[in-house]
Amino acid sequence: MPLTGHRTFVGFGFGAIQAGLFLYEAFRSGGFARLVVGEVAAEAVEDLRRNAGCYAVNVAHADRVEVARVGPVQIENPAEPKDIARLVDAVAEAEEISTAVPSVKFYTGPEPGSIHRILAAGLRKKTAHGGPRAVVYAAENHNHAAEILQVAVMEEIPAAEKGAVGNNVRFLNTVIGKMSGVIADANEAQARHLATITRDTSRVFLVEAFNRILISQIDFPPLGKWPRFHRGITAFAEKEHLLPFKEAKLYGHNATHALAAYLCAVRGLPYIADLRRDPQLLAFVRDAFLKESGEALIRKHAGKDRLFTTDGYREYALDLLERMTNPHLLDSVDRVGRDPQRKLGWDDRLIGTMREALHQHVVPRRYALGAAAALAALEPSFLTTDLPAPKLLGPIWGNVASGSADAQDVVRLIEEARLRLRRWCESGFQDINRLQAEFTKQ
């Protein structure tokens with residue numbers, strides 16, 4: 001499919017979400033004439049350039065994997081001055097821009113090619129030359145990613161220009177429920193008949209087919225020659241109030257994904273899809289999703305959307321569990337469970353979900369088991385000794401939890417869960433139903 005539209009799309013970060021969602025959907029839309037991406041990994045930049053800007057992404061459906069070819073994509077390295085200039089020019093003419101980097105911490109840096117500086121320079125140029133208005137999709141997994149990026153960018157804009165530049169851009173939060181990853185094992189890619197990103201690399205992009213992405217509602221008023229803003233990527237859905245859906249993603253989807261990964265790790269299962277071979281463990285994960293995360297979020301956000309009803313949340317949870325355990329997605333326990341320190345953060349998926357549940361008078365014993373398993377992934381002796389949980393959690397939480405009643409309740413639940421986790425291991429992983437029965441009684 002050639003690039004037949006008239007728009008320009010710019011992305012930052014050439015990982016699985018950028019390649020398998022934003023660039024992929026922009027390419028499929030037929031609305032763009034130019035696709036540009038900034039990537040700091042020099043090898044990835046040269047590799048894509050050698051392949052004339054074209055790459056492959058493997059798309060996992062429920063019954064198969066199909067290969068999609070995307071391109072040409074203009075790739076630039078923000079560490080190179082000439083590339084920075086081209087990225088600034090691309091931002092100046094772009095209507096849609098996305099950041100898909102590991103975290104919001106990557107928005108800023110001391111280098112000239114930092115994302116916030118390139119965006120600021122491009123938006124200033126756009127405004128000075130009468131370029132089109134643009135939206136910036138902040139794809140990082142943070143409830144206020146767009147606000148953080150906006151502040152960083154606008155701090156780079158001279159005071160006299162802030163108003164005019166602000167009229168030309170909207171920073172949008174996103175809820176990206178699309179699961180994706182990079183497979184670096186050449187043998188596995190070959191055995192699974194997966195297409196590599198380009199002919200010169202062994203790495204593979206593998207993403208699920210799901211593309212119902214939620215974004216903040218765009219509130220551009222009619223302005224001069226730009227009477228109304230139309231997105232080129234039409235697959236996304238705008239929501240006036242996005243935060244409840246972001247919480248459902250973090251405290252529902254992400255929390256349950258992490259719970260599954262850490263329990264699978266203790267169980268010795270290599271893939272999330274292996275949950276289908278252990279119906280008792282899968283039922284345990286499902287009950288955490290419905291009875292702890294779901295009950296808490298329904299109480300908190302009742303009346304805001306059908307999602308926050310018993311039937312709506314059940315449909316959401318069961319659909320996600322079916323997709324999480326899709327064997328064609330090859331979602332490894334190692335990938336989902338990596339960086340347990342971050343996932344045990346005060347506001348992150350495991351501890352954040354426990355705290356939200358406690359605030360809604362729901363006791364999160366199942367997620368406490370996941371948190372205990374995550375601590376065992378961080379420090380294996382946590383499972384086999386009486387190492388106090390605060391000794392591991394204190395450095396992760398810092399001062400934010402100091403003196404908090406939440407912290408005391410969370411620690412108590414995790415240390416109780418450690419005993420249950422130890423008993424489950426000692427039973428040869430046959431005792432999960434007894435845990436379920438205990439939780440029901442309590």
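The shown structure was predicted, so the numbers you read here are calculated from the model rather than taken from an experiment. (Residues numbered from 1 in each chain as written. Predicted model: local features only at pLDDT ≥ 70, side-chain atom pairs only at ≥ 80, totals over all residues. Heavy atoms only, no water.)

Enquirer: Tell me about the sheet that holds strand E7 (residues 134-138), and name the residues and values.
Expert: Spatial ordering of the open sheet is given by E5-E2-E1-E6-E7-E8-E11-E12, a layout of eight strands whose pairing is mixed. In this open sheet, the two edge strands, each paired with only one partner strand, are strand E5 (74-76) and strand E12 (237-239). Averaged over all neighbouring strand pairs, the angle between strand axes comes to 25°, with direction disregarded. Pairing between strand E11 (residues 214-216) and E12: three bridges, direction parallel. Its bridge partner lying in E12, Leu214 is registered against Ala237. Against the sheet, helix H1 (residues 16-29) makes contact with strand E1 (7-12), strand E2 (32-38), strand E6 (96-99) and E7, and its axis sits at roughly 165° relative to E2, the strand it touches most. Strands in contact with helix H5 (residues 145-154) are E6, E7 and strand E8 (169-175); relative to E8, the strand with the most contacts, it is inclined by about 150°. (Pairing = 2+ DSSP bridges. Helix = DSSP H or I, 4+ residues; strand = E, 2+ residues; numbered from the N terminus. Axes fitted to C-alpha atoms, helices over the stretch in contact; angles between N-to-C directions. Contact = heavy atoms within 4.5 Å.)

Enquirer: Got a sec to walk through the sheet that holds strand E4 (residues 65-70)? Specific residues and values, please.
Expert: Taken together, four strands build an open sheet; the order of strands is E4-E3-E10-E9 and the sheet is mixed. Of all the strands in the sheet, the pair left with one neighbour each is E4 and strand E9 (180-183). Neighbouring strand axes in the sheet, compared pairwise and without regard to direction, differ in orientation by 30° on average. With four bridges joining them, E9 and strand E10 (residues 204-208) adopt antiparallel strand pairing. The partner of Val182 across the bridge, within E10, is Phe205.

Enquirer: Run through the environment of Thr234, naming residues and quoting values.
Expert: Topologically, Thr234 is positioned in the loop between E11 and E12. The sequence separation of Thr234 and Val88 amounts to 146 residues, and the corresponding C-alpha distance is 25 Å.

Enquirer: Got a sec to walk through the pattern of salt bridges? Specific residues and values, please.
Expert: Opposite charge on two side chains permits them to pair, given that their charged atoms come into close proximity. Tallied over the full model, the rule gives 37 salt bridges. Its salt-bridge partner being Arg276, residue Glu322 comes within 3.4 Å of it at the nearest N-O pair. Of this pair, Glu322 sits in helix H10 (residues 310-324) while Arg276 sits in the loop between helix H8 (243-267) and helix H9 (279-301), and the two are 46 residues apart along the sequence. Between Arg286 and Asp287 there is a salt bridge, with the nearest N and O atoms lying 3.6 Å from each other. One network of salt bridges, in which partners are shared, links Glu46, Arg49, Glu76, Asp83 and Arg86. (Salt bridge = Lys/Arg side-chain N within 4 Å of Asp/Glu carboxyl O.)

Enquirer: How would you explain the nonpolar core if you had to name every residue and give the values?
Expert: Ranked by size, the top nonpolar core spans 79 residues in total, and within it Leu263, Leu344, Ile351, Met354, Trp397, Ile414 and Leu421 carry the most contacts. Among the elements that take part in this core, H8 stands out by supplying 13 residues, more than any other. Here Leu421 is in contact with Leu263, Val266, Leu369, Ala372, Ala373 and Leu383, once residues within four sequence places are set aside. (Core = buried A, V, L, I, M, F, W, Y, C linked by side-chain atoms within 4.5 Å. Buried < 20%, exposed > 50% of the residue type's maximum accessible area, 1.4 Å probe, protein only.)

Enquirer: Outline the packing of H8 against H9, supporting the account with residue identities and numerical values.
Expert: The geometry of a pair of packed helices is captured by two quantities: the angle between their axes and the separation between those axes. Here H8 crosses H9 at 160°, and the two axes come no closer than 10 Å. Looking at the two axes, H8 sits roughly antiparallel to H9. Our pair here, H8 against H9, has a crossing hand that is right-handed. Two secondary-structure elements touch here, H8 through Pro244, Glu247, Ala248, Tyr251, Gly252, His253, Thr256, Leu259, Ala260, Leu263 and Arg267 and H9 through Leu281, Phe284, Val285, Ala288, Phe289, Ser293, Leu297, Lys300 and His301. Along the lines of polarity and charge, the residues of the contact of H8 with H9 split into 12 nonpolar, five polar and three charged. (Parallel < 35°, antiparallel > 145°, perpendicular 65-115°, else oblique. Left-handed = near helix turned anticlockwise from the far one by under 90°. Nonpolar A, V, L, I, M, F, W, Y, C, P; charged D, E, K, R; others polar.)

Enquirer: An account of the pairing of E10 is requested, with residue identities and associated values reported.
Expert: A large share of E10 lies buried, amounting to five of its five residues. Residues Val204, Leu206 and Glu208 of E10 are buried on one face, and the alternating residues Phe205 and Val207, pointing to the opposite face, are buried as well.

Enquirer: Explain H9 residue by residue, including any values.
Expert: Within an α-helix, residues lying three or four positions from one another point in the same direction, as the helix has 3.6 residues per turn. The terminal C-alpha atoms of H9 lie 31 Å apart, and with 23 residues this matches the ideal 33 Å at 1.5 Å per residue to within 8%. Positioned one or two residues after H9, Gly303 has a phi angle of 90°, which is positive. (Expected span 1.5 Å × (residues − 1).)

Enquirer: Describe the side chain of Asn58, naming the residues involved and giving the relevant values.
Expert: Its place among the elements puts Asn58 in strand E3 (residues 55-60). Here Asn58 is in contact with Val65, Glu66, Val67, Leu194, Ala195, Val204, Phe205, Leu206 and Val207, once residues within four sequence places are set aside.

Enquirer: Account for the packing of helix H13 (residues 349-359) against helix H17 (residues 405-426), naming residues and giving values.
Expert: For the pair H13 and H17, interaxial distance at closest approach is 10 Å and the crossing angle is 110°. Compared by their axis directions, H13 and H17 come out roughly perpendicular. By crossing handedness, the relation of H13 to H17 is classed as right-handed. Contacts from Ile351, Met354, Arg355, Leu358 and His359 of H13 reach H17 at Asp406, Asp409, Val410, Leu413 and Ile414. The class makeup of the residues in the contact of H13 with H17 is six nonpolar, one polar and three charged.

These results come straight from atomic positions and should not be treated as a statement about function.
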